[in-house]
Amino acid sequence: MNGTELINKSKVWFDSKPVEIHQALSIHVFQYGAHWMHTRMSELSPENTVPFDKSIRFGLYGLLKYSICLGIFLLSSILLSRIHVGLLPLSVLIFYFVEVHFLFLFPLLIDRVPNPVLTSICITYRIGIVRCIITVMQIAFFMMVGLFNLRKPFQNWYIGCLSIVLWYTNDVRDRLYK
């Protein structure tokens, strides 16, 4: 499935099963997000559900993921701006190139897969790095645009996250259990 198909399926699913949307960000955002993902994964694929493990340090994994992605983004922005300011938009592409390596990190952690970082990287290359980047950029654009909806700024964010969960459930999870 491409990004548009994942978003459309997620919208339909999201509308059929309304969830409470929390708009406050806190230090526990990754733990909360992982619990939310676990609930969605349980609904989408109950046969493969394991109990939610609160001992997993989702916050540390989230900080690792986004520290690496943002660090590379900033470094590439500095280097590209020194070459030519017109190259700065490439920093966004570089950010997503790095980010897709961690694309399925949280679902893999939820499923308690050994070596989740390495497994996420391997899955990204198995699916195809270009396909992953294009799909994630479509979903990310949808999520970012939604932030301008002042009434429900995080609704698209949840739908985008659900798109990743659907992608994982449909294209990755069953392969892990076979």
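Residues numbered from 1 in each chain as written. Predicted model: local features only at pLDDT ≥ 70, side-chain atom pairs only at ≥ 80, totals over all residues. Heavy atoms only, no water.

Colleague: Residues and numbers for the packing of aromatic side chains, please.
Modeller: Any aromatic ring pair is given by two values, namely how distant the centres are and how the planes are angled relative to each other. Inspection of every chain in the model, using the stated rule, returns nine aromatic pairs. These aromatic residues form a ring-pair network of at least three members: F30, F52, F58, Y66 and F106. (Phe/Tyr/Trp six-rings, centres within 6.5 Å; stacked < 30°, edge-to-face > 60°.)

Colleague: Can you explain helix α3 (residues 58-83)? Please cite residues and give values.
Modeller: Relative to the 38 Å expected for 26 residues at 1.5 Å per residue, α3 spans 37 Å between its end C-alpha atoms, a close match to the ideal helical length. All of the buried residues in α3 are F58, G62, K65, C69, S76, S77 and L80. On its buried side, α3 packs onto α2 (29-44), α4 (90-99) and α5 (105-110). (Helix = DSSP H or I, 4+ residues; strand = E, 2+ residues; numbered from the N terminus. Expected span 1.5 Å × (residues − 1). Buried < 20%, exposed > 50% of the residue type's maximum accessible area, 1.4 Å probe, protein only. Contact = heavy atoms within 4.5 Å.)

Colleague: How would you explain the packing of α3 against α4 if you had to name every residue and give the values?
Modeller: Relative placement of two packed helices is described by the angle separating their axes and the distance separating the axes. Close contact between α3 and α4 brings their axes to 9 Å; oriented N to C, the two are set at 155°. Taken together, the axes of α3 and α4 are roughly antiparallel relative to one another. Crossing hand, α3 versus α4: right-handed. Across the interface between the two elements, K65, Y66, I68, C69, L70, I72, F73, S76, S77 and L80 of α3 pack against L90, S91, V92, I94, F95, V98 and E99 of α4. Here the contact of α3 with α4 is built from residues that sort into 12 nonpolar, three polar and two charged. (Axes fitted to C-alpha atoms, helices over the stretch in contact; angles between N-to-C directions. Parallel < 35°, antiparallel > 145°, perpendicular 65-115°, else oblique. Left-handed = near helix turned anticlockwise from the far one by under 90°. Nonpolar A, V, L, I, M, F, W, Y, C, P; charged D, E, K, R; others polar.)

Colleague: Give me the nonpolar core: which residues, what numbers.
Modeller: F58, L103, F104, I127 and W167 are the most contacted members of the largest nonpolar core, which has 45 residues in total. Elements with a minimum of two residues in this core: α1 (3-16), α2, α3, α4, α5, α6 (116-127), α7 (129-146) and α8 (155-176). The element contributing the most residues to this core is α8, with nine residues. Beyond its immediate sequence surroundings of up to four residues, I127 is in contact with F104, C132, W167 and V172. (Core = buried A, V, L, I, M, F, W, Y, C linked by side-chain atoms within 4.5 Å.)

Colleague: Any chance you could break down a nonpolar patch on the surface for me, citing the residues and the numbers?
Modeller: Nonpolar side chains collect at one region of the surface, where L64, I68, I72, L75 and L79 lie side by side and expose about 400 Å² of accessible area between them. Mapped onto the elements of the fold, L75 is located in helix α3. Classification of L75 by relative accessible area gives partly exposed; the value is 47%. (Patch = residues over 30% accessible without salt bridge, like charges linked within 9 Å, V, L, I, M, F, W, Y side chains within 5 Å. Areas by Shrake-Rupley, 256 points an atom, 1.4 Å probe, with all protein chains shown as cover. Salt bridge = Lys/Arg side-chain N within 4 Å of Asp/Glu carboxyl O.)

Colleague: I'd like a description of α4, backed by residues and values.
Modeller: Listing the buried residues of α4 in full gives S91, F95, Y96, V98 and E99. Down the axis of α4, the buried set is contained in an arc of 160°. They therefore lie on one face. Tucked inside the fold, the buried residues of α4 contact α3 and α7. (Arc of directions from axis to C-beta.)

Colleague: Account for the environment of F97, naming residues and giving values.
Modeller: Assignment of secondary structure puts F97 in helix α4. Assessed through its relative accessible area of 37%, F97 is described here as partly exposed. C-alpha of F97 to C-alpha of R82: the two residues are 15 residues apart in sequence and 21 Å apart in space.

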